[in-house]
Amino acid sequence: MMQQTEILQVGSKNKTLHTFQHLNRSRSFREKNGLFAMEGYRLVSDALGCGAELSAILLTEAAQESYGEALHALAPNVRTLLISDALAKEIADTETAQGVFAIAKMRQELEAFPQQGSRCLLLHCLQDPANLGAILRTADALGTDGVYLYQCCDLYNPKTVRSTMGALFRVPICRVRSMDDFFAHCRTVSLPTCAAVVDRDAKHLKSFDFSGGAVVMIGNEGNGLPREVSDACDHPLTIPMSPQANSLNAAMAAGLFLWEMTRYV
């Protein structure tokens, strides 16, 4: 639904434009408003295909010509604004922007902890948006009953959103406020908890039986899991590596655990 004929330029006082820019820059603004910014045709169309609620779409003239009809078919009642190429370059978070931008409502997240038999991940204090996005993308590809986030970087950081490649709208996600409550729940439903650790004395990943479900906990990029968290888990698990290697990227480690869990689906 095109609402204006003029093309917004750099320096425009348009309220929707300013909202997009604040959403792109500020986590607190995103959380206060329950909105986030998206960039790129693939991401916007994936979001719409998964039922995401958009409040506005911003397009350059070239993007309107290339993608306008398809986006209008997916979101006939969403307000669409035209912006200049110079303005698109200014608000873009990428070097090679397609001229497609949108404001979306944050998605509905899981409200419940995992149940008996679930196969899922808990990410503990991840700080790299690209890692978080890559894990969600892998979880989408391989399947999971849920990804649980404890004090991680912003799920709606533009880098996270882009790197999920649309998985943000498909993977079951839940925020964890208290690790004590999470562990207590897992014990109540007899769901094993596994700590991903770098420890040659820990049980090898491939020798663990995931058929009864489990939560695998992945620590942050620099320090891994805190000792009190890994000690509270039922099973320390490690990924066999060559003697010369001392760690794996968090996203790669999560991918290997997810891959192993698919053998029991």
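The numbering scheme is per chain: residues are counted from 1 as the chain's sequence reads. Selection of residues for local features in this predicted model requires a pLDDT of at least 70, selection of side-chain atom pairs for listing and counting requires 80 or more, and totals for whole chains, interfaces and linings are taken over all residues. Based on all heavy atoms of the structure, the side-chain values leave hydrogens and waters out of the count.

1. Looking at the overall build of the chain
The helix and strand labels rest on DSSP assignments: H or I over at least four residues marks a helix, E over at least two residues marks a strand, and numbering proceeds from the N terminus. Broken down by element type, the chain carries ten helices and eleven strands. C-alpha atoms of the chain, sized along the principal axes, occupy 65 × 40 × 30 Å. Throughout this description, buried means an accessible area under 20% of the type-specific maximum (1.4 Å probe, protein chains only), exposed means over 50%, and partly exposed covers the range between. Expressed as a percentage of its 265 residues, the buried residues of the chain come to 50%. In what follows, residue pairs with any heavy atoms lying within 4.5 Å of each other are defined as contacts. Relative to all contacts within the chain whose residues are 6 or more apart in sequence, the contacts with residues 24 or more apart total 80%. Carbon and sulfur atoms provide 48% of the accessible area of the chain, an area that totals close to 13100 Å². Under the convention used here, Asp and Glu are negative, Lys and Arg are positive, and both His and the chain ends fall outside the count. Positions of charges follow a simple convention, taking NZ of Lys, CZ of Arg, CG of Asp or CD of Glu. Seen as two clouds, the 24 positive and the 28 negative side-chain charges of the chain have centres 1 Å apart. Only the protein chains shown count as cover for residues, with accessible areas throughout obtained via the Shrake-Rupley method and a probe of 1.4 Å.

2. Overview of unusual backbone geometry
Positioned with a positive phi, Gln151 is a non-glycine residue whose angle comes to about 50°. With a relative accessible area of 51%, Gln151 lands in the exposed category. The backbone of Ser190 sits at a positive phi, close to 55°, despite the residue not being glycine. Structurally, Ser190 is set in the loop between helix 8 (179–188) and strand 8 (193–196).

3. Quick notes on the packing of aromatic side chains
Each aromatic pair joins two rings of Phe, Tyr and Trp (for Trp, the six-membered one) with centres within 6.5 Å, and gets the label stacked for planes under 30 degrees apart, edge-to-face for over 60, and tilted for any other angle. A complete count under the given rule lists eight aromatic pairs for this structure. Between Tyr148 and Phe182 the ring centres are 5.6 Å apart and the planes differ by 55°, which places this aromatic pair in the tilted class. Note that Tyr148 is positioned in strand 6 (residues 147–150) and Phe182 in helix 8, a separation of 34 residues in sequence. Members of the aromatic cluster, each reached through a chain of ring pairs, are Phe36, Tyr156 and Phe169.

4. Side note on the sheet that holds strand 4 (residues 100–105)
Between any two strands, pairing holds if DSSP finds at least two bridges. Ordered in space as 1-4-2-3, the four strands form an open sheet in which the pairing is mixed. The open sheet has two free edges, formed respectively by strand 1 (35–39) and strand 3 (80–82), since each of these has just one partner strand. On average, each strand axis in the sheet is tilted by 20° relative to the strand beside it, whichever way the strands run. Bridge analysis of strand 2 (residues 54–59) against strand 4 gives five bridges, and the strand direction is antiparallel. Its bridge partner being in strand 4, Leu54 is matched across the sheet by Ala104. Think of each axis as a best-fit line through the C-alpha atoms, taken over the contacting stretch in the case of a helix, with angles from 0 to 180 degrees between the N-to-C directions.

5. Regarding the packing of helix 3 (residues 41–49) against helix 4 (residues 61–74)
At their nearest, the axes of helix 3 and helix 4 sit 10 Å apart, and the two run at 20° to each other. When the interaxial angle is binned, helix 3 and helix 4 end up roughly parallel. Handedness of the helix 3/helix 4 crossing: left-handed. For the pair helix 3 and helix 4, the contacting residues are Tyr41, Val44, Ser45 and Leu48 in the first and Tyr67, Ala70, Leu71 and Leu74 in the second. Here the contact of helix 3 with helix 4 is composed, by residue class, of seven nonpolar, one polar and no charged. By definition in this entry, angles of less than 35 degrees are roughly parallel, angles greater than 145 are roughly antiparallel, angles of 65 to 115 are roughly perpendicular, and the rest are oblique. Two helices crossing with the near one rotated counterclockwise from the far one by less than a right angle form a left-handed crossing, whereas a clockwise rotation gives a right-handed crossing. For this classification, the nonpolar set comprises Ala, Val, Leu, Ile, Met, Phe, Trp, Tyr, Cys and Pro, the charged set comprises Asp, Glu, Lys and Arg, and every other residue, Gly included, is treated as polar.

6. Side note on the pattern of salt bridges
One speaks of a salt bridge when a side-chain nitrogen belonging to Lys or Arg is within 4 Å of a carboxyl oxygen belonging to Asp or Glu. Tallying each qualifying case throughout the model produces nine salt bridges. A salt bridge links Asp46 to Arg42; its shortest N-O distance comes to 3.1 Å. In this pair, Asp46 and Arg42 both sit in helix 3, four residues apart, roughly one turn of the helix. Taking the shortest distance from any N to any O, the salt bridge between Asp93 and Arg162 comes out at 2.7 Å. One end of the pair, Asp93, is in the loop between helix 5 (85–91) and strand 4; the other, Arg162, is in helix 7 (residues 158–163), with 69 residues separating them in the sequence. Of the residues examined, Arg162 reaches a relative accessible area of 26% and is grouped as partly exposed. Here the salt bridges do not stand alone but share partners, grouping Arg27, Arg30, Glu31 and Asp154 into one network.

7. Some remarks on the sheet that holds strand 6
Note on sheets: strands pair through backbone hydrogen bonds, and any given pair is parallel or antiparallel. With parallel pairing, seven strands are arranged side by side in an open sheet as 7-6-5-10-8-11-9. At either end of the open sheet lies a strand with only one pairing partner, and these are strand 7 (173–175) and strand 9 (203–204). Along the sheet, helix 8 makes contact with strand 5 (119–124), strand 6, strand 8 and strand 10 (214–218), crossing strand 10 at roughly 155°.

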